[in-house]
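Notes for the structure review
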Amino acid sequence: MFIIFLITFFNPKAFIALLEYGSSSANNLLAGVVIPVMLIRSHFSLARHLPIPLPINMFGYILSAISSLFFISQFIYAIVKKAH
């Protein structure tokens, strides 16, 4: 965190780039990796016997996998776009 602060302190344009690419990449990474892991862990956890007010059916898990692939591909696209 301190390194990011130093880079943006000495180069204000880097701060704009960090906001532009860093925040969208963090959101794509979060939506593409962390949220599906949470769904899978909740589906196969030891507390599965507890009642849930609105459980997710299998179609919801399929949509979660498709959206996960979408967000991961957006994350990879942003890295490739920034590298060129």
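Structure: above.
In this report, the structure presented in the accompanying data block is examined. (Residues numbered from 1 in each chain as written. Predicted model: local features only at pLDDT ≥ 70, side-chain atom pairs only at ≥ 80, totals over all residues. Heavy atoms only, no water.)

Bringing the overall build of the protein into the picture now. Summing up its helical and strand segments, the protein has three helices and zero strands in all. Start at the N end of the protein and walk to the C end: the helices and strands fall as α-α-α. Whereas a compact globule of 84 residues would reach a radius of gyration of roughly 12 Å, the protein reaches 18 Å, over 25% beyond that. Taken along its principal axes, the extent of the C-alpha atoms in the protein is 55 × 25 × 15 Å. Looking at the protein as a whole, 14% of its 84 residues are labelled buried. (Helix = DSSP H or I, 4+ residues; strand = E, 2+ residues; numbered from the N terminus. Rg over C-alpha atoms; globule rule 2.2 N^0.38 Å. Buried < 20%, exposed > 50% of the residue type's maximum accessible area, 1.4 Å probe, protein only.)

So, about the environment of Phe 5. As for its position among the elements, Phe 5 is in helix α1 (residues 2-10). Between the C-alpha atoms of Phe 5 and Phe 15, which are ten residues apart in sequence, the distance is 8.7 Å.

The next point concerns a nonpolar patch on the surface. On the surface, a cluster of nonpolar side chains totalling about 560 Å² of accessible area is made up of Leu 29, Leu 30, Val 33, Val 34, Ile 35, Val 37 and Met 38. Relative to the assigned elements, Met 38 resides in helix α2 (residues 12-43). (Patch = residues over 30% accessible without salt bridge, like charges linked within 9 Å, V, L, I, M, F, W, Y side chains within 5 Å. Areas by Shrake-Rupley, 256 points an atom, 1.4 Å probe, with all protein chains shown as cover. Salt bridge = Lys/Arg side-chain N within 4 Å of Asp/Glu carboxyl O.)

Under the 1.5 Å per step criterion, the end-to-end length of α2 is 45 Å for 32 residues, consistent within 8% with the ideal 46 Å. A bend of about 30° at Leu 30 is the largest found in α2. By the burial criterion, the buried members of α2 are Ala 14, Ser 25, Asn 28, Ala 31, Gly 32, Pro 36 and His 43. (Expected span 1.5 Å × (residues − 1). Bend = angle between axes of the 7 residues up to and from the residue.)

Turning next to the environment of Lys 13. You can see Lys 13 is positioned in helix α2. As for Lys 13 and Arg 48, which are separated by 35 residues in sequence, their C-alpha atoms are 49 Å apart.

For helix α3 (residues 58-83), which comprises 26 residues, the first-to-last C-alpha distance of 38 Å matches the rise-based estimate of 38 Å (1.5 Å per residue) to within 8%. Here α3 has its buried residues at Tyr 61, Ser 64, Ser 68 and Ala 78.

Our focus in this paragraph is the environment of Leu 29. Among the secondary structure elements, Leu 29 is positioned in helix α2. Once residues within four sequence positions are removed from consideration, Leu 29 is found in contact with Val 34 and Phe 75. (Contact = heavy atoms within 4.5 Å.)

The values reported here are purely geometric and, on their own, carry no functional implication.
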